[in-house]
Amino acid sequence: MLEILTVCTGNICRSPLAAQLLATRLADLDVAVSSAGARAREGMPMTPEAAALAVDRGVDPARTAAHGARYLTPAHVRGADLVLAMARDHRREIVELDPSRLRSAFTAREFARLAADVSDDEVRAATAAAGADPQERFAAALTVIAGRRGITLPPASPDDDDVVDPYGRSAETYERSAAELEPGLVAVERIVRIALG
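No experiment lies behind these values; they were computed from the predicted model shown.

(A) Structural context of the pairing of strand β3 (residues 82-85). Here β3 shows no split at all, with L82 and L84 on one side and V83 and A85 on the other all buried. As paired elements, strand β1 (residues 2-8) and β3 share 4 bridges and run parallel to each other. In the strand pairing of β3, T6 is matched with L84. Handedness of the β3-helix α5 (residues 88-97)-strand β4 (residues 105-107) crossover: right-handed.

Shown next, in the form of structure tokens:
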């Protein structure tokens, strides 16, 4: 089973939304998606705004209601095949917890930007060469994506690799945050489906 971890600050807005949307999109595959926060308070529920965004996008309301924030630990990072951070600060904290994650941790927007520069055929070739094991195939796909760092044009501003934090802000900011997250989720789904195909 592939494991994907999404990470933000408090694990009550961006990362649970990302995890729940990915889990819903990948429900037909052998993929587990979870989330954690770099400064989470254990057990905190999703904000009502984030929960509403999840439900509006097809997540089972029971799933959003059941969410309890988790504090990010090295074990969470170690067990994941892909760690998807909401911002560059979170990615840095992930790599500090486990330096071996340097090439398998991305911000969601960075993943979208890099994956857009890689064709399906490139990913298929890498996964075919990796053999039949799903985790090895996915790792090979991530290596191709990570290999675009320094080759793909960087964003106009480094902040463009971050998903805006909507906590305590307007409904419009929550919508903007979800919109910034969406391309990364689409890209992850695309790569997972190719790797497991």
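(B) Geometry of helix α9 (residues 171-196). The end-to-end C-alpha separation of α9 is 36 Å, in line with the 38 Å expected for 26 residues at 1.5 Å each. At E182, α9 shows its maximal kink, close to 30°; a proline, P183, follows between one and four residues later.

(C) Spatial organisation of the side chain of D161. Within the element layout of this structure, D161 appears in the loop between α8 (134-146) and α9. Side-chain polar atoms of D161 contact the side chain of R113, separated by 2.7 Å. Apart from residues no more than four positions distant in its own chain, D161 is found in contact with M86, R88, T107, R109, E110, R113 and P155.

(D) Representation of the nonpolar core. In this structure, I4, F106 and F111 are the most contacted members of the largest nonpolar core, which totals 49 residues. Secondary-structure elements contributing two or more residues to this core are β1, α1 (14-25), β2 (31-37), α2 (48-56), β3, α6 (108-115), α8 and α9. Among residues more than four places away in sequence, those in contact with F106 are L82, V83, L84, A85, R91, F111, L114, L142, I145, A146 and R149. Counting 11 residues, the second largest nonpolar core, distinct from the first, contains A36, V83, A85 and A105.

(E) Inspection of the sheet that holds β1 at higher detail. Reading across from one edge, β2-β1-β3-β4 is the order of the 4 strands in this open sheet, with parallel pairing throughout. For this open sheet the edge positions go to β2 and β4, each flanked by a neighbour on one side alone. Neighbour-to-neighbour, the strand axes of this sheet turn through a mean angle of 25°, independent of strand direction. Where β1 lies against β2, 7 bridges are found, and the strand directions are parallel. When the bridges of β2 are listed, T6 appears paired with S35. With respect to the sheet, α1 is in contact with β1, β2 and β3, its orientation differing from that of β1 by roughly 155°.

Definitions and cut-offs
- Residues numbered from 1 in each chain as written.
- Predicted model: local features only at pLDDT ≥ 70, side-chain atom pairs only at ≥ 80, totals over all residues.
- Heavy atoms only, no water.
- Buried < 20%, exposed > 50% of the residue type's maximum accessible area, 1.4 Å probe, protein only.
- Helix = DSSP H or I, 4+ residues; strand = E, 2+ residues; numbered from the N terminus.
- Pairing = 2+ DSSP bridges.
- Right-handed = clockwise from strand over helix to strand, strands pointing away.
- Expected span 1.5 Å × (residues − 1).
- Bend = angle between axes of the 7 residues up to and from the residue.
- Polar contact = N/O pair within 3.5 Å; in protein donor to acceptor, adjacent residues only side chain to side chain.
- Contact = heavy atoms within 4.5 Å.
- Core = buried A, V, L, I, M, F, W, Y, C linked by side-chain atoms within 4.5 Å.
- Axes fitted to C-alpha atoms, helices over the stretch in contact; angles between N-to-C directions.

Remember, this is a structural readout, not a statement about activity or role.
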